[in-house]
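# Structural description and commentary
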Amino acid sequence: MRKFLSKILILMTIPMLFVGCGKSTENDGDKLKVAVSISPLKEFTEIIGGDKVDIYTVVKENMEPHDFDFSPSDKKALSDRKLFIYNGLGMEGWLDQVKEGNKDTKLIDASKNGNIIVDNGVEDPHIWLSLKEATNECNNIKDALIEADPENREYYEGNYNKYKQELDLLFNEYSQKLASIKGKTFVTSHEAFAYLCRDYGLQQKAIKGIFDEEAETTFKDMESLANYCKSENIKIIFSEGSESQKDSDTLAKAINGKVVPIHTLETKVEGKSYIEAMKDNYEKIYAELK
Ligand SMILES: [Zn+2]
């Protein structure tokens, strides 16, 4: 009996040894080398690419993407990447610098086939703040990974389908919940939420434009926005903090209202996944506008 058991043990160990071998050769050198521009794309690519991809992120977690300066060291870091996945729509003002000199890197526009909002002739790049547009970005990322690494097609498709279900679920959950505040106006410091507003039938009014986060807000702008808020009985200013915090505080004071923090997700929200941060946004919007 003892002999029999040890035989079984040996037989069981052999295939495990093979699995072990396979795993040990799967180091970083075998992974698909990918670069992404901004934080939401990093997370989407991580989820879909899983342990088959190695990701380099150009705009680091503590940097502000709208005024990011592409440097020679970024260019060097991209030189051995097979794919560069970017947001597009003007979010990467430095895209031409990637194109020059990185001939072997395939450029992937994550906004491709998206339903893009154009405001005064300018395309709004904040697509990841719509779950529907985020799903489209994930679909483009999945297709690009499959094209570059067809052997792992099923793996990428499986991860994408699972994540798409999560995004759909969240969208549907808040379609119902936010329906009760449809048509309400959402006042914000940085004009980043047009896609979120479109998803749920809200109106966006912003202190700062889509790209001019750095621009000084004039007294006249502030006064007209304050008058608007008063006439519409708006008491809440949603602000992503940082640069525009002062303007949000000024406006809130002028209308006797308050500032509520919200995530633009342009940089990584500490301790929160994309889905958790979006959920957090929806909950705040619902709580304040209902
Ligand atoms: Zn922005």
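Sequence order as written defines residue numbering, which begins from 1 separately in each chain. Local features are withheld for residues below a pLDDT of 70 in this predicted model, meaning they are given only at 70 or higher, and side-chain atom pairs are given and counted only at 80 or more; totals for whole chains, interfaces and linings count all residues. With hydrogens and water stripped out, all remaining heavy atoms of the structure feed into the side-chain values.

A word on the pairing of strand β7 (residues 185-190). Of all six residues that make up β7, six are buried, and the element is covered over most of its length. For two strands to be treated as a pair, DSSP must find no fewer than two bridges joining them. Only DSSP runs of H or I reaching four residues or more are called helices, and only runs of E reaching two or more are called strands; each is numbered from the N terminus. Here five bridges tie β7 to strand β8 (residues 203-208), and the two strands are oriented parallel to one another. Considered in β8, the bridge of H190 is made with K208. Here is how to tell: hold the view so the strands point away, follow the path from the first strand over the helix to the second, and if it runs clockwise the crossover is right-handed. With respect to chirality, the unit in which β7 leads through helix α7 (residues 194-200) into the neighbouring parallel β8 is right-handed. Pairing of β7 with strand β9 (residues 236-239), which is carried by two bridges, proceeds in the parallel orientation. Per-residue accessibility, obtained with a 1.4 Å probe over protein chains only, is compared with the maximum for each type, and a residue is labelled buried under 20%, exposed over 50%, and partly exposed between these values.

For the rest of this paragraph, the subject is the coordination of the zinc ion. Metal-coordinating donors are taken as N, O and S atoms lying within 2.8 Å of the metal, or within 3.2 Å when the metal is Na, K or Ca; because water is left out, some sites can appear incomplete. Here the zinc ion is held by H66 (NE2), H126 (NE2), H190 (NE2) and E266 (OE), and the distances to it run 1.8 to 2.1 Å. Because the angles between the four donor atoms bound to the zinc ion fall within 99 to 119°, the donor set is best described as tetrahedral. Mapped onto the polypeptide sequence, the residues donating to the zinc ion form the spacing pattern H-x59-H-x63-H-x75-E. Of the two residues, H66 is situated in the loop between β2 (53-57) and α3 (72-78) and E266 in the loop between β10 (258-261) and α10 (274-289); the sequence distance between them amounts to 200 residues. The geometry test gives tetrahedral to four donors whose angles all lie between 85 and 135 degrees, gives square planar to four donors and octahedral to six donors whose opposite members are over 155 degrees apart with all other angles between 65 and 115, and gives irregular to the rest.

Quick look at the sheet that holds strand β4 (residues 106-109) now. Read across the open sheet, the four strands follow the order β2-β1-β3-β4; overall the sheet is parallel. Edge strands, defined here as strands with exactly one partner in the open sheet, are β2 and β4. Across the sheet, the axes of successive neighbouring strands diverge by a mean angle of 25°, strand direction being ignored. Note that strand β1 (residues 32-36) and strand β3 (residues 83-86) share three bridges and pair parallel. Counted as the bridge partner of A35 is F84 from β3. For helices, the axis comes from a line fit to the C-alpha atoms of the stretch in contact; other axes are also lines fit to C-alpha atoms, and the angle between any two N-to-C directions lies between 0 and 180 degrees.

This next bit is on the sheet that holds β8. Strand order across the open sheet formed by four strands is β8-β7-β9-β10, with parallel pairing between neighbours. Edge positions in the open sheet fall to β8 and β10, since each of these has one partner strand only. Each strand of the sheet is rotated relative to its neighbour by a mean of 35°, with strand direction disregarded. Here helix α8 (residues 219-231) sits on the sheet in contact with β7 and β8, set at roughly 150° to β8. Contacts: residue pairs with any heavy atoms within 4.5 Å of one another.

What follows deals with the packing of α8 against helix α9 (residues 245-254). Between α8 and α9, whose axes approach to 9 Å, the crossing angle comes to 45°. On the basis of the axis angle, α8 is oblique to α9. In the packing of α8 onto α9, the handedness of the crossing is right-handed. Where α8 abuts α9, its residues M222, L225, A226 and K230 lie against D247, T250, L251 and A254. Put simply, Ala, Val, Leu, Ile, Met, Phe, Trp, Tyr, Cys and Pro go in the nonpolar bin, Asp, Glu, Lys and Arg in the charged bin, and everything else, Gly too, in the polar bin. Along the lines of polarity and charge, the residues of the contact of α8 with α9 split into five nonpolar, one polar and two charged. Any angle from 65 to 115 degrees is called roughly perpendicular, while one under 35 is roughly parallel, one over 145 is roughly antiparallel, and all others are oblique. For any helix crossing, the convention is left-handed if the near helix is rotated counterclockwise from the far helix by under a right angle, and right-handed if that rotation is clockwise.

What follows concerns the nonpolar core. The biggest cluster of nonpolar side chains holds 69 residues, and the ones touching the most others in it are F84, L131, L145, Y274, M278, Y282 and I285. The greatest single-element share of this core, amounting to eight residues, is contributed by helix α5 (residues 131-148). The split into domains, and so the bounds of each, comes from an automatic or database assignment of domains. Built from parts of two domains, this core gets at least three residues from each of domain 1 (29-174) and domain 2 (182-289). In this structure Y274 touches E43, F44, W128, S130, L131, A134, Y163, L167 and L265, once residues within four positions along its chain are discounted. Note on terminology: a nonpolar core comprises buried Ala, Val, Leu, Ile, Met, Phe, Trp, Tyr and Cys residues joined through side-chain atoms within 4.5 Å. Ranked by size, the runner-up nonpolar core spans 11 residues in total, among them M222, C229, L251 and I255.

Here we take up the side chain of S248. Along the chain, the position of S248 falls in helix α9. On the basis of relative accessibility, which here comes to 0%, the residue S248 falls in the buried class. Pairs of N or O atoms within 3.5 Å make up the polar contacts considered here, provided that, within protein, one atom can donate a hydrogen while the other can accept it, and that residues adjacent in sequence are counted only when both atoms are side-chain atoms. Only 3.2 Å separates the side chain of S248 from the side chain of S239, close enough to count as a polar contact. Dropping the residues within four chain positions of it, S248 is found in contact with S189, I207, I237, S239 and V259.

Remember that the coordinates give geometry; whether it matters functionally is a separate question.
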